[in-house]
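So the chains spell out like this:
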Amino acid sequence: MLRLDRWLVTLGIGSRSEMQKLIRKGGVKVDGVAVTDPGRQVDEKTAQLAVQGAAVDGRLTRHVMLHKPAGLLTAARDKKQPTVMDLLPETYAAIGCMPVGRLDKDTTGLLLLTTDGELNHRLLAPGRHVDKTYRATVDGPLDECHVAAFAAGLHIPEDGKEPAFDAAPARLTLEGDCTGVLTIQEGKFHQVKRMFRVVGREVMQLHRMTFGPLTLEDQLPEGAWRELTEDEAAVLYAAAQMKAGGAQ
Ligand code: URA
């Protein structure tokens, strides 16, 4: 339950004073009835909201699958460059829907976003071992020696401000001369590119195919997004060892 004016402000519809004015004027309906008290407690999970005659989706919990195109930053906002948030209606940023981890600006593919901070945190926690699968096209042939090197675990040297680390054993499947599908459970900065660099290959194209139990939907073109289905959200919560709506 929360105050009606606060609900509208959280959804990004307007400022507190604007919303209070609008509510007092009768411009907001809850379950089909105009409510003129801005402080009225409403159940945002079940109440149907309409603002100035138009139905408004009032859910404050949302989970999104987005097919990230190249050229956008993975960030909640940036002063200079466009971000993945520019692909979503403004409400999503207003209610705190945030990317789960980060894809580089030139990386394409599956990016999840959620309003659930605990879910976000757990999916990225190093101890959680959530699989992520990437298709990488590199600047030279890949063979069984590369597969074995990834499987053995690689020492990744320092890279600028990024410290060195030992990458856990990872599965590389060869797909073509210069293309491989790599599954890792970690998510260090530029991890895939740095791993390939250690075995003498530069990544030319990187595309994330899966994150935990979810696979990027084939039908979702670059730049498009959709909300997760209930089943998809449930398996994601299970991967984070959480119940939907709270940690176990
Ligand atoms: N590893 C990278 O190097 N880049 C990404 O965008 C994701 C994983």
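Residues numbered from 1 in each chain as written. Predicted model: local features only at pLDDT ≥ 70, side-chain atom pairs only at ≥ 80, totals over all residues. Heavy atoms only, no water.

**A word on the overall build of the protein**
Per the secondary structure count, the protein includes seven helices and 19 strands. The proportion of buried residues among the 248 residues of the protein is 44%. Look at the contacts in the protein between residues 6 or more apart in sequence, and 65% of them connect residues 24 or more apart. Accessible surface, the protein: about 13100 Å² in total, of which carbon and sulfur atoms supply 50%. On the protein, the mean spot of the 31 positive side-chain charges and the mean spot of the 33 negative ones are 8 Å from each other. (Helix = DSSP H or I, 4+ residues; strand = E, 2+ residues; numbered from the N terminus. Buried < 20%, exposed > 50% of the residue type's maximum accessible area, 1.4 Å probe, protein only. Contact = heavy atoms within 4.5 Å. Areas by Shrake-Rupley, 256 points an atom, 1.4 Å probe, with all protein chains shown as cover. Lys, Arg positive; Asp, Glu negative; His and termini not counted. Charge placed at Lys NZ, Arg CZ, Asp CG, Glu CD.)

**Side note on the pairing of strand β14 (residues 179–184)**
Most of β14 sits out of view: six of its six residues are buried. Here six bridges tie strand β10 (residues 132–138) to β14, and the two strands are oriented antiparallel to one another. Residue T137 lies in a different strand from β14, and its bridge partner there is T179. Pairing analysis gives five bridges linking strand β13 (residues 171–176) to β14, with the strands arranged antiparallel. Residue T173 lies in a different strand from β14, and its bridge partner there is V181. In sequence, β13 turns back onto β14 through a hairpin of two residues. (Pairing = 2+ DSSP bridges.)

**Considering the layout of surface pockets**
Considered as a void within the structure, the largest pocket measures approximately 550 Å³ in volume. Looking at the largest pocket, it is lined by 17 residues, and the ones nearest its centre are K45, T61, R62, H63 and Y237. With four residues, helix α7 (residues 230–239) is the single largest residue contributor to the lining of the largest pocket. Considered class by class, the residues forming the lining of the largest pocket number six nonpolar, four polar and seven charged. Put simply, the second largest pocket is a space of about 460 Å³. Along the walls of the second largest pocket sit 28 residues, with R102, Y134, E186, G187 and K188 positioned nearest its centre. Of the residues that constitute the lining of the second largest pocket, the class distribution is 13 nonpolar, seven polar and eight charged. (1 Å grid on protein atoms, 1.4 Å probe; cavity = no way out; pocket = protein on both sides within 12 Å on 5 of 7 lines; lining within 4 Å. Points joined across faces, edges and corners; volume = space filled by probe spheres on them. Nonpolar A, V, L, I, M, F, W, Y, C, P; charged D, E, K, R; others polar.)

**Observations concerning the packing of aromatic side chains**
Considering all chains together, one arrives at two aromatic pairs under this definition. Judged by centre distance (5.1 Å) and plane angle (70 degrees), the ring pair of Y92 and W225 falls under edge-to-face. Of this pair, Y92 sits in helix α3 (residues 90–94) while W225 sits in strand β17 (residues 225–227), and the two are 133 residues apart along the sequence. For Y92, a relative accessible area of 5% corresponds to the buried category. Over the face of the ring belonging to Y92 we find R62, whose NZ or CZ atom lies 4.8 Å from the ring centre. (Phe/Tyr/Trp six-rings, centres within 6.5 Å; stacked < 30°, edge-to-face > 60°. Lys NZ or Arg CZ within 6 Å of the ring centre and 35° of its normal.)

**Examining the site of the ligand**
L103, D104, T107, Y134, H190, Q191, V192, K193 and L206 make up every residue found near the ligand. Within the contact set of the ligand, an oxygen atom lies 2.7 Å away from a backbone nitrogen or oxygen of D104. H190 has a polar backbone atom sitting 3.3 Å from an oxygen atom of the ligand. Under a 2 Å grid-point criterion requiring more than half of the atoms, the pocket assigned to the ligand is the second largest pocket. A per-element tally of the shell around the ligand places helix α6 (residues 191–198) first, with three residues. Its residues placed into classes, the shell around the ligand shows four nonpolar, three polar and two charged. (Near = heavy atom within 4 Å. Polar contact = N/O pair within 3.5 Å; in protein donor to acceptor, adjacent residues only side chain to side chain. Sits in = over half its atoms within 2 Å of the grid points.)

**A few points about the domain arrangement of the protein**
Taken as a whole, the protein is organised into domain 1 (2–56) and domain 2 (63–215). Measuring from the centre of the C-alpha atoms in domain 1 to the corresponding centre in domain 2 gives 40 Å. (Domains from an automatic or database assignment.)

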